[in-house]
Amino acid sequence: MSFNNPDVQPAPVTVGRWTVTPIIDAIGPALPAHAAFPSLPAEDLETLLNELGDDASNPDRSMLVLASQGFAITGPDRTILVDACLGGPKTLGGKGMRGFESRWLASLADAGIDINAIDTVVNTHLHHDHVGWNTVLDEGGMLRPTFPKARYLVPRADIEHFSGPGSLPQKHIRDCITPLAQADVLDPIDGELQLVEGIHVIPATGHTPGHQIVEIADAGQRVILTGDLLHHPLQLRRPDVSTALCVDGVASAATRQKILDHYADSGTWFYASHLPLGGILRRDGDGYTLGTDA
């Protein structure tokens, strides 16, 4: 099993007037398990992965199975995109993952999403696998916004963290964020924001300084798109455990626990960018689980 384009995409979920369509860019063993969870003793990690089975890691439990995923929200006169996955060739960043060629734009089209209809792009945070398709190369080899009629809503705290004074050079920021500012389509945001009635961007700091999630609520139904609030289903069982990818693991764990506790057992459909499937969030002992029945 390799980290590559999926053959089948998840089904859309209806939330009142809105339809939420997950679009997976790639899925497969993507992250070394021990490197991802260095705070977990090896025997605890192995036990958790064995309990979760082959859908969550490869057979020898050395690699975590992850997805790279974005979401389209379509409804009355609006098409909103949450996260832009891995992306294609860039002038600075090369082709990204070796041996991987993203078909995500084609998957969007297959799902009936016209890139010219997208009016808003929300990046939950500015890690490379969430901003890749923000931009594309034009015929002259210059980077331009992929979605020509969209405003791009990006957490200001992440811009400052990844490109501010004293930060390390980040190729994906220069490739996927700077061209948006140059095209005057970048909107840095702070705090909670209502995009339209029933759709809110909500701060969820920890994984990155500006990490944010999106809530869609209408007609008594609710979906949350949680970005990298968690990376792997073992964090539903152990929400106290953060990955090495988090800028602030302690804050990430506290935010994860707070958000999971807030939405659990409320009938809320839960999606995380790196979990291939979503589900209704419920408490399960000291942890949580995702189910598919109401």
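These numbers were taken from a predicted model, which means no experiment stands behind them. (Residues numbered from 1 in each chain as written. Predicted model: local features only at pLDDT ≥ 70, side-chain atom pairs only at ≥ 80, totals over all residues. Heavy atoms only, no water.)

Bringing the pattern of salt bridges into the picture now. Summed over all chains, the structure comprises 10 salt bridges. Arg17 is the salt-bridge partner of Asp218, the closest N and O atoms lying 3.1 Å from each other. With Asp218 in strand 12 (residues 212–218) and Arg17 in the loop between strand 1 (13–15) and strand 2 (18–32), this pair connects stretches of sequence that are 201 residues apart. We classify Arg17 as partly exposed; its relative accessible area is 41%. In this structure, Arg156 engages Asp190 in a salt bridge whose closest nitrogen and oxygen atoms are separated by 2.8 Å. Taken together, the positions of Arg156 in helix 4 (residues 156–163) and Asp190 in the loop between strand 9 (186–189) and strand 10 (193–196) put the pair 34 residues apart, joining distant regions of the chain. Taken together, the salt bridges that share partners define one network made up of Asp261, Asp265 and Arg283. (Salt bridge = Lys/Arg side-chain N within 4 Å of Asp/Glu carboxyl O. Helix = DSSP H or I, 4+ residues; strand = E, 2+ residues; numbered from the N terminus. Buried < 20%, exposed > 50% of the residue type's maximum accessible area, 1.4 Å probe, protein only.)

Looking now at the nonpolar core. Ranked by internal contacts, the top residues of the largest apolar core, which has 26 residues, are Leu81, Trp104, Leu126, Phe147, Tyr152 and Ile177. Sorting the residues of this core by element identifies helix 3 (104–110), strand 8 (151–155), helix 4 and helix 5 (171–176) as the ones contributing at least two each. Grouped together as the second largest cluster of nonpolar side chains are 21 residues, Val20, Val82, Leu153 and Trp269 included. (Core = buried A, V, L, I, M, F, W, Y, C linked by side-chain atoms within 4.5 Å.)

Note that every value here comes from positions in space, so none of it alone points to a role or purpose.
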